[in-house]
Amino acid sequence: MNNDKKCYLGEMPSANPIIYHKEKCIGCNRCVNICQVDLFIPNPEKGKPPIVLYPGECWYCGCCVMECPIEGAITLRHPLMNQVHWVEKDKLIKNKEEK
Amino acid sequence: MNNIEWPYPLEWDSEERIDTDVLVLGGGIAGCMAAIAAARKGQQVVLIEKGATKRSGAGGSGCDHWESAATNPCSKVTPEEITLAMLDDNQGYNNGISHYIECKEGYDRLLDIEKMGGKIRDTKNEFAGAQFRDEDTKLMFAYDYENKFTLRIWGSTFKPAMYDELRRLGVKIYDRVMVTSLLMEGGKQGGRCIGATGMHTRTGKFFIFRGKASIMCMSRPARIWLFSADLPGLCEFRPTQCIGDGHAMGWRAGAEFTMMEKSVGAEFSASGRSYPPYGAGNNHNTWYGTSLIDSEGKEIPYADRDGNLLNNVSDRFKPSKGQKFFMKGGSIDYPKYEIEGPETLSFAKMIEAGYKLPFYADLSKLPELERKVIWGMMIGEEGKTKVPIYKNYKDAGFDPEKHVIQCYGTGWTSADFLPQERQLFGLPGGFMNDWTLGTNLKGLYVAGDSLFASNCYGHAATTGYYAGRHGAEYAAANTLTEIDATQVEQEKNRIYAPIRNEPHNSIGWKELNAAISKTMQNYCGEIKRDELLNIGLLRLKEYEKKVIPNTFAYNPHELTRLLEVFDILEVSQLIVHSCLARKSSAKPLCFYRGDEKEQDQEKENKFITIKQKSQKIEIGGKPLDYFGNLKENYENHNKDYIRRCKDEQ
Ligand SMILES: Cc1cc2nc3c(=O)[nH]c(=O)nc-3n(C[C@H](O)[C@H](O)[C@H](O)COP(=O)(O)OP(=O)(O)OC[C@H]3O[C@@H](n4cnc5c(N)ncnc54)[C@H](O)[C@@H]3O)c2cc1C
Ligand code: SF4
Ligand code: SF4
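Report on the accompanying structure. All residue numbers refer to position in the chain's written sequence, counted from 1. Chains carry letters and ligands carry numbers; both start at the beginning, A for chains and 1 for ligands, and go up in the order they are written. For a predicted model such as this one, the threshold for reporting local features is a pLDDT of at least 70, and the threshold for listing and counting side-chain atom pairs is 80 or more; totals across whole chains, interfaces and linings nevertheless cover every residue. Side-chain measures were taken over the full set of non-hydrogen atoms in the model, leaving aside hydrogen atoms and water.

**Regarding the overall build of chain A**
Stage number 1. In terms of helices and strands, chain A carries three helices and five strands.
Stage number 2. In this text, helices come from DSSP runs of H or I with a minimum length of four residues, and strands from runs of E with a minimum of two, each type numbered from the N-terminal end. In chain A, the succession of helices and strands from N to C terminus is β-α-β-β-α-β-β-α.
Stage number 3. Only the C-alpha atoms count toward the radius of gyration. The rule for a globule is 2.2 Å times the residue count to the power 0.38. Whereas a compact globule of 99 residues would reach a radius of gyration of roughly 13 Å, chain A reaches 18 Å, over 25% beyond that.
Stage number 4. When its C-alpha atoms are laid out on the principal axes, chain A stretches across 60 × 35 × 25 Å.

As structure tokens, this is what we get:
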């Protein structure tokens, strides 16, 4: 939560493809250097998670996650509109029977 | 604009000169294999890549199918048979030379990549006993299990293995350098290619590369008709930075192109309209053979090409009665009857028969190894699936034995698009090639998806290696040439001009790309007419003359994106010129005219070629069978290679 009673300027991104988990990331920048689109920059503070400078340019290939040495330090997430639906097959059949 | 300071040193003003024997432009699949081949021939090699070679390109994160490896020990078809089927399927509008190379040398490259550390067979016996696995070689096959020419592979291991091999061979890799132009002898359009210029995408530094031979491996254009300023990375199927720089600089340098009038209605991954590739319900490609059910759980039957219903899952992977082989399952490209594989009943028939929407892909009832190979091997090894699909769906609770995934649209396209929303997809146009994969420009070779009518990973790897071999031979017989200072100066002026403009009253890369795409949709949409094409051309020229001088970029990254859009503008013009050159409709090129005269059709049944010479556009033609006898020509041009392969056996 924003507790410091301040607001900041910036344009709202249309997607947030990359989520860093601060407590796990060691700031090694391997993700920065593998990304073919080059949408990150290293954090000016050494050891901190990189900055996602151009989130809209993400191609959603997952190479940054594949390259990360720390399990769970970085997550890739498809934009909400691209999240696919799945259901339990049994439910489909049950729905039919109930009709 | 936020107030974070650019973290890299700014080197707009500095210049580095590099000399080598063979220059490889683009470090995707074709580029890596080209560099490996040239280095193995004893040449000094420099590879220039805009991203990071270890994972760059369309196939960087993975690949699950290697198509048409006709010489693998289990194959029951010959390279000639498959190549001829591909040519016939497109009524001759296909690249006979490059696809013959794909069929002929695909298995050689697979063995090569295996030696480098890539995984091409089921060494852990996870799929022992499966119908698609050969028990002796442990190779695994897809689609046609009887003829066994398309392999299932662990493609996520390939690119890092190639990267290690490049370093082992001493190839000098320049990552994060965008190639911006080809350098020509005497600065002349249409002359000999003697090198290339580049710009560092983080520091802005300028590079002058000299090579005795250069190999074009920058894939194909994109974002011509489709653009989203918000999510540019989701506009197209191919990586964000792969937009056809190679075609643009080739066109400026005088290279010859063909089939650039071909575009298809958008199918895949455009502007986020569709769903993540391989991540929604379907039964094509990676998901081939999957069962489809309707929203009440009723299974939709598969049928063979004659409409006979197939009762067993295993029949989905067999040719039909009297058919020698089939190419791919499904009607992705509406294949001809001769090579058409099994497919679920057509969408219209299913609706008529009372199946209820939406449909779902259902892995739960497949034989266990079929399910495991699709969910866990193919989904996992296929590009863009290991993390965003396999891992993320699993983490969110998806269980292939229990859940079914929804289909959108009417199948593999996963969305419906407007007719003017077009793409260079399937087998689009590109650089014209001869039997050495040489272009009309001396010293310039071409491979992978830069070639006309090209597609696929195995095709890129084989043509890359082949062009690398022939480029190396050319390099060995030639010397380095003095660079034309005027050409270099002009290029520097061109690429650095935008950083001198004021942001507050200038135009950025997104605004320009959006304008180009809209222009192309309006004037070069599904149905072509000279009147519209000519106005489209005027608009594009206006952008070139009036808008480009007023563009800006905040930093080297944005300058890279902007230079890409300059190239998109160049390629758009090449496309419109190519459309103007073809006067009649041509179905295999998905090219339709609203203003044709019938008599044109017959005489235009050929490759129309296009190039620039002394700033003038030259239109030419080549017969559809210009490549001659496949086997004879291949053997004549590859005596050394054939001899060496024999020696190794
Ligand atoms: C998600 C996905 C899945 C796929 N799955 C399969 C599959 O299972 N089987 C199959 O056969 N095919 C598959 N393909 C297609 C296959 O990956 C491509 O056909 C193949 O990678 C083309 O190789 P290429 O070397 O021509 O291009 P790429 O591998 O895309 O490489 C082009 C390279 O050029 C670089 N480049 C571009 N412009 C410049 C510049 N100006 N300067 C420097 N470098 C530049 C790019 O950064 C890139 O690295 C898939 C494609 C995608 C996108
Ligand atoms: S690779 Fe992983 S640990 Fe390293 S900076 Fe990126 S997220 Fe953090
Ligand atoms: S998913 Fe791919 S494109 Fe997106 S940030 Fe990661 S490496 Fe870059």
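Next comes the rest of the write-up.
**A look at the overall build of chain B**
Stage number 1. When you go through chain B residue by residue, the secondary structure sums to 17 helices and 25 strands.
Stage number 2. Rg of the C-alpha trace for chain B: 24 Å, near the compact-globule value of 26 Å for 649 residues, within the 12% margin.
Stage number 3. Exposure is judged per residue with a 1.4 Å probe applied to protein chains only, and the accessible area is read against the type maximum: over 50% gives exposed, under 20% gives buried, and values in between give partly exposed. For chain B, buried positions account for 65% of its 649 residues.
Stage number 4. Any pair of residues with heavy atoms lying within 4.5 Å of one another is described as a contacting pair. Contacts spanning at least 24 positions in sequence make up 74% of the contacts within chain B whose residues lie at least 6 apart.
Stage number 5. Accessibility throughout is a Shrake-Rupley quantity obtained with a 1.4 Å probe, and a residue counts as covered only by protein chains that appear here. Accessible area of chain B: about 23,400 Å², with a carbon and sulfur share of 47%.
Stage number 6. Asp and Glu count as negative and Lys and Arg as positive, but His and the ends of the chain are not part of the count. Here the site of a charge means atom NZ of a Lys, CZ of an Arg, CG of an Asp or CD of a Glu. When the 83 positive and 88 negative side-chain charges of chain B are each reduced to one mean point, those points stand 2 Å apart.

**Some words on the environment of L169 of chain B**
Stage number 1. Structurally, L169 of chain B is set in the loop between α4 (158–168) and β6 (172–174).
Stage number 2. Not counting residues up to four positions away in its chain, the partners in contact with L169 of chain B are I36, A39 and R40 of chain B.

**Describing the site of ligand 3**
Stage number 1. It suffices for a single heavy atom of a residue to lie within 4 Å of a molecule or strand for the residue to be listed as near it. As a structural note, the neighbourhood of ligand 3 is formed by I18, C35, V37, L39, F40, C58, W59, Y60, C61, G62, C64 and L76 of chain A.
Stage number 2. Residues were grouped as follows: Ala, Val, Leu, Ile, Met, Phe, Trp, Tyr, Cys and Pro as nonpolar; Asp, Glu, Lys and Arg as charged; and all remaining residues, including Gly, as polar. Looking at the shell around ligand 3 residue by residue, the class counts come to 11 nonpolar, one polar and no charged.

**Some remarks on the sheet that holds strand β14 (residues 302–303) of chain B**
Residue and element names in this part refer to chain B.
Stage number 1. Here a strand pair is declared whenever DSSP counts at least two bridges between the two strands. Pairing within the open sheet is antiparallel, and its three strands lie in the order β15-β14-β16. One side of each edge strand has no neighbouring strand; the edge strands of this open sheet are β15 (309–310) and β16 (343–344).
Stage number 2. The pairing of β14 with β16 spans two bridges and is antiparallel. In the sheet register, Y302 faces β16, and the bridge partner there is T344.

**Some thoughts on the sheet that holds strand β4 (residues 140–141) of chain B**
Sheets are built from strands paired through backbone hydrogen bonds, the pairs being either parallel or antiparallel.
Residue and element names in this part refer to chain B.
Stage number 1. In space, the three strands of this open sheet follow the order β3-β5-β4, with antiparallel pairing throughout. A single partner strand is all that each edge strand has here, and the edge strands are β3 (65–66) and β4.
Stage number 2. With two bridges joining them, β3 and strand β5 (residues 151–152) adopt antiparallel strand pairing. When the sheet's bridge partners are listed, W66 is paired in β5 with L151.

**Section: the pattern of salt bridges**
Two side chains of opposite charge can pair, provided their charged atoms sit close to one another.
Residue and element names in this part refer to chain B.
Stage number 1. The term salt bridge refers to a pairing of a side-chain nitrogen on Lys or Arg with a carboxyl oxygen on Asp or Glu at a separation within 4 Å. Scanning the model with the defined rule gives 47 salt bridges over all chains in all.
Stage number 2. Across the pair R220 and D449 runs a salt bridge, and its minimum N-O distance is 3.8 Å. Of this pair, R220 sits in the loop between β9 (206–216) and α5 (245–253) while D449 sits in the loop between β21 (444–446) and α10 (457–477); the two residues are 229 residues apart in sequence, bridging distant segments of the chain.
Stage number 3. On the accessibility criterion, R220 (2% relative accessible area) is buried.
Stage number 4. Two residues, K583 and D530, come together in a salt bridge whose shortest N-O distance is 3.3 Å. Within this pair, whereas K583 is found in the loop between α14 (556–581) and β23 (592–593), its partner D530 is found in helix α13 (residues 530–547), the two being separated by 53 residues in sequence.
Stage number 5. Overlapping salt bridges bring together R40, E105, R109, D112, E165, R168 and R469 as one network.

**A look at the interface of chain A and chain B**
Stage number 1. With 43 residues of chain A at the contact, the number on the chain B side is 65 residues.
Stage number 2. Taken together, both faces of the contact between chain A and chain B bury some 4,600 Å²; the carbon and sulfur share is 59%.
Stage number 3. The largest contributions to the chain A side of the interface with chain B come from Q36, W59 and W86 of chain A, which together make up 18% of the buried area.
Stage number 4. There are five salt bridges connecting chain A and chain B. A 1.4 Å probe defines the accessible area here, and the buried area is the portion of it lost by two parts on being joined, summed over both.

**Section: the site of ligand 2**
Stage number 1. Neighbouring residues of ligand 2: 13 residues in total, closest C25, C28, N29, C31 and C68 of chain A.
Stage number 2. A breakdown of the residues in the shell around ligand 2 according to their chemical character gives 10 nonpolar, two polar and one charged.

**Brief notes about the side chain of R561 of chain B**
Stage number 1. Along the chain, R561 of chain B turns up in helix α14.
Stage number 2. Polar contact is defined as a pair of N or O atoms within 3.5 Å, subject to the rule that within protein one atom must be able to donate a hydrogen and the other to accept it, and that residues adjacent in sequence are counted only when both atoms are side-chain atoms. Here V37 of chain A takes part through its backbone oxygen, which lies 3.4 Å from a polar atom of the side chain of R561 of chain B.
Stage number 3. Apart from the residues lying within four places of it in its own chain, the contact partners of R561 of chain B are V37 and E57 of chain A together with Q241 and W509 of chain B.

**Quick look at the packing of helix α12 (residues 509–523) of chain B against α13 of chain B**
Residues and elements named next belong to chain B.
Stage number 1. As a packed pair, α12 and α13 sit with axes 9 Å apart at the nearest point and diverge in direction by 165°. As the angle between them shows, α12 and α13 are arranged roughly antiparallel. The handedness of the crossing between α12 and α13 comes out as right-handed. Contacts between α12 and α13 involve L512, A515, I516, T519, M520, N522 and Y523 from the first element and L532, L533, I535, G536, R539, L540, Y543 and V547 from the second. Geometry is summarised by axes, namely lines fitted to C-alpha atoms with helices restricted to the contacting stretch, and by angles between N-to-C directions that run from 0 to 180 degrees. Angle categories: roughly parallel below 35 degrees, roughly antiparallel above 145, roughly perpendicular from 65 to 115, and oblique for all the rest. Here is the rule for handedness: rotate from the far helix to the near one, and if that takes an anticlockwise turn smaller than a right angle the crossing is left-handed, while a clockwise turn gives right-handed.

**Considering the packing of α12 of chain B against α14 of chain B**
Between two packed helices, both the angle of their axes relative to each other and the distance between the axes serve to describe the pair.
Residues and elements named next belong to chain B.
Stage number 1. It is the contact of α12 with α14, at a shortest axis distance of 9 Å, that shows an interaxial angle of 15°. Taken as axis vectors, α12 and α14 run roughly parallel relative to one another. Handedness of the α12/α14 crossing: left-handed. Contacts between α12 and α14 pair W509, L512, N513, I516 and M520 from the former with E558, R561, L562, V565, F566, I568, L569, S572, I575 and V576 from the latter.

**Quick notes on the environment of D362 of chain B**
Stage number 1. Structurally, the position occupied by D362 of chain B is in strand β17 (residues 360–362).
Stage number 2. A residue is classified by how much of its surface remains accessible, and D362 of chain B, at 0% relative accessible area, is buried.
Stage number 3. Remark: the alpha-carbon pair of D362 of chain B and I405 of chain B, spanning 43 residues in sequence, is separated by 6.9 Å.
Stage number 4. Ignoring anything within four residues of it in the chain, the contact list for D362 of chain B reads K89 of chain A together with T290, S291, I293 and V404 of chain B.
Stage number 5. Here K89 of chain A takes part through its side chain, which lies 2.7 Å from a polar atom of the side chain of D362 of chain B.

**Structural notes on the side chain of R121 of chain B**
Stage number 1. Position of R121 of chain B among the secondary structure elements: in the loop between α3 (96–116) and β4.
Stage number 2. Residues in contact with R121 of chain B, not counting those within four places in the same chain, are Y107, L111, E114, T137, K138, L139 and W154 of chain B.

**So, helix α1 (residues 29–40) of chain B**
All names here are of chain B.
Stage number 1. Here, expected helix span is obtained from the residue count minus one, scaled by 1.5 Å. Between its first and last C-alpha atoms α1 spans 17 Å; for 12 residues at 1.5 Å apiece the expected length is 16 Å, and the two agree.
Stage number 2. Counted residue by residue, α1 has 11 buried out of 12 residues, so it is predominantly covered.
Stage number 3. Those residues of α1 that fall on the buried side of the exposure criterion are I29, A30, G31, C32, M33, A34, A35, I36, A37, A38 and A39.
Stage number 4. The elements touched by buried residues of α1 are β1 (15–25), β2 (45–48), α3, α4, β9 and α10.
Stage number 5. A positive backbone phi angle near 85° is found at G42, which sits one or two residues after α1.

Limitation: the analysis is restricted to geometry and does not speak to function.
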